[in-house]
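Here are the chains, one letter per residue:
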Amino acid sequence: MSDENKEMVETVDVSPRLPEMSEAPGRDVFRQLLHQAVRVADMANAQAMRMALDFAKVYEREQGVRTQFEAQLKQMTLMEKQATRYAEDLAGMLRSERERRHELERALAQERIANEELRRTGLQGISHLVLAATIKDNTTGTHLQRVRRYVEAIAERMDLPAETVEEFGYSSVMHDVGKIHTPDHILQSEHQLSDAEFSVIKQHCIDGERMLGTARFFETARAIAREHHERWDGKGYPDGKKGEEISLAARIVSIADVFDALTSKRPYKEAWSAEAGLRAIEAGAGERFDPEIVAGFVALAREGVLEQISSEVGTSGDDEQLGSSAR
Ligand SMILES: [Fe+2]
């Protein structure tokens, strides 16, 4: 029973203003009824209190859930906004990336055209240079054609990239351009050269490199011009370079050049047979020539590739322009 209800009962119970009532016969009934009423009211009150408390708890819990839900909703809205912004940023980036790529592709296409023109100009330059050198040197266009084809076949057999094979090929025909500066009487001498004359001959490597300027297009050609008389054992000229100090292109060209010189007829000698020429090359492996390249060259000979090149170039005529095969 709550304090308030107790107070009510006691107030009724000891009322001094109703003395006659306490003696009345209905007094006990009244008191019982009053007690009952108070008890019922008390229970109802307690029930109401419990319900109110329960309701308050539920309400509180629901408020909590709502607040949480609202917070989550707010966060989700924020995240959604952020995601939208990210998506927009990403789309913008992709757009500009696409534009940049298109620009790059356009630039690359233009560069390709410019490179192709440069290449054509370069090849034309080669053709003129080589023509001048062959006239001066009394060699033939077919010698250079064969050297070029041998060089390309060796490079291909070594699995070098196609562009490198091509570059080695067109660069090889310029190996002797420096001979333009060599005096005729030395170049065409059929006698044994004196030391002084030989040092003049050696100069064609240095002159050749210088004549080929500084353009990237002639980088390999410059190396070949300078190094095609170097030897694997370091006893060559003009610098006495040894082994892999000599560029790969020059190591290849020296084999092709010597083989073709041996197997061609010259004013001072008959043409050697392919077998004799090949034996001479094999004998020079590890001394004059890079032994690995010699092995590849011998394999090409066994496969009939050298013979095929020789017969193909032989039928194409001595005066064929080099530029025509410079694809
Ligand atoms: Fe040479």
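Within every chain, residues take consecutive numbers counted from 1 along the sequence as written. Restriction of local features to residues with pLDDT of at least 70 applies here, the model being predicted, together with a cutoff of 80 or more for giving and counting side-chain atom pairs; totals for whole chains, interfaces and linings are based on all residues. To get the side-chain values, all heavy atoms of the structure are used, and hydrogens and water are removed first.

Visitor: Looking at this structure, how should I read the overall build of the protein chain?
Guide: Helix and strand labels come from DSSP, where a helix needs a run of H or I of at least four residues and a strand needs a run of E of at least two; each type is numbered from the N terminus. Scanning the protein chain from terminus to terminus reveals 13 helices and zero strands. Along the protein chain, from the amino end to the carboxyl end, the secondary structure elements read α-α-α-α-α-α-α-α-α-α-α-α-α. Throughout, the Shrake-Rupley method with a 1.4 Å probe supplies accessible areas, and for residues the shown protein chains are the sole cover considered. Accessible surface, the protein chain: about 21,200 Å² in total, of which carbon and sulfur atoms supply 55%.

Visitor: I keep staring at the environment of Val177 and nothing clicks. Help me out?
Guide: Along the chain, Val177 turns up in the loop between helix 5 (162-172) and helix 6 (184-187). For Val177, a relative accessible area of 1% puts it in the buried group. Placed 27 residues apart in sequence, Val177 and His204 show a C-alpha to C-alpha distance of 7.5 Å. The contact partners of Val177, leaving out residues within four places of it in the chain, are Leu129, Ala133, Gly208, Met211 and Leu212. For each residue, the accessible area found with a 1.4 Å probe, counting protein chains only, is set against the maximum for its type, and the residue is called buried under 20%, exposed over 50%, and partly exposed in between. Note on definitions: a residue-residue contact is assigned when non-hydrogen atoms from the two residues lie within 4.5 Å.

Visitor: Can you walk me through the coordination of the iron ion in this structure?
Guide: Four donors placed tetrahedrally about a metal ideally form angles of 109.5 degrees, and six donors placed octahedrally ideally form angles of 90 or 180 degrees. Shown as donors are all N, O and S atoms within 2.8 Å of a metal ion, widened to 3.2 Å for Na, K and Ca; because water is not in the atom set, sites may appear incomplete. For the iron ion, every protein donor is listed as Asp176 (OD), His204 (NE2), His228 (NE2) and His229 (NE2), and the spread of their distances is 2.1 to 2.3 Å. Labels for metal geometry use angle windows, namely 85 to 135 degrees for all angles of a four-donor tetrahedral site, and for square planar (four donors) or octahedral (six donors) sites opposite donors over 155 degrees apart plus all others within 65 to 115; sites meeting none of these are irregular. The coordination sphere of the iron ion comprises four donor atoms, whose angles at the metal cover 83 to 175°; the geometry is irregular. The sequence pattern describing where the donors of the iron ion fall on their chain is D-x27-H-x23-H-H. One end of the pair, Asp176, is in the loop between helix 5 and helix 6; the other, His228, is in the loop between helix 8 (219-227) and helix 9 (248-262), with 52 residues separating them in the sequence. Here Asp176 and His228 have matching classes, each one buried.

Visitor: Even after reading the chapter, I still don't get the layout of surface pockets, so can you show me in this structure?
Guide: Here the idea is plain: a probe the size of a water molecule rolls over the atoms and shows the empty space left. Estimated volume of the largest pocket: approximately 1,300 Å³. In the cavity and pocket records, a cavity denotes points on a 1 Å grid over the protein atoms alone where a 1.4 Å probe fits but cannot get out, a pocket denotes an open set with protein on both sides within 12 Å along at least 5 of 7 lines, and lining residues are residues with an atom within 4 Å of a point. Residue lining of the largest pocket: 42 residues in total, with Lys179, His229, Ala261, Arg266 and Tyr268 positioned closest to the centre. Those elements that place two or more of their residues in the lining of the largest pocket are helix 3 (27-137), helix 4 (141-157), helix 6, helix 7 (195-211) and helix 9. Here the lining of the largest pocket gets five residues from one element, more than from any other, and that element is helix 9. Think of it as three bins: nonpolar holds Ala, Val, Leu, Ile, Met, Phe, Trp, Tyr, Cys and Pro, charged holds Asp, Glu, Lys and Arg, and polar takes everything else, Gly as well. Of the residues in the lining of the largest pocket, the class split is 16 nonpolar, 15 polar and eleven charged. Grid points are joined across faces, edges and corners, and a volume is the space filled by probe spheres set on the points. Roughly 370 Å³ of volume is contained in the second largest pocket. Surrounding the second largest pocket, Arg112, Asn115, Glu116, Leu118, Arg119, Glu163, Glu166, Glu167, Tyr170, Arg216 and Phe217 form its lining. Elements represented by at least two residues in the lining of the second largest pocket include exactly helix 3 and helix 5. Taken together, the residues that form the lining of the second largest pocket break down as three nonpolar, one polar and seven charged.

Visitor: Quick question: what am I supposed to make of the environment of His181 here?
Guide: As for its placement among the helices and strands, His181 is situated in the loop between helix 5 and helix 6. Measuring from C-alpha to C-alpha, the distance between His181 and Ile201 comes to 9.5 Å, with 20 residues separating the pair along the chain. Setting aside residues up to four positions removed in sequence, His181 forms contacts with Asp207 and Met211.

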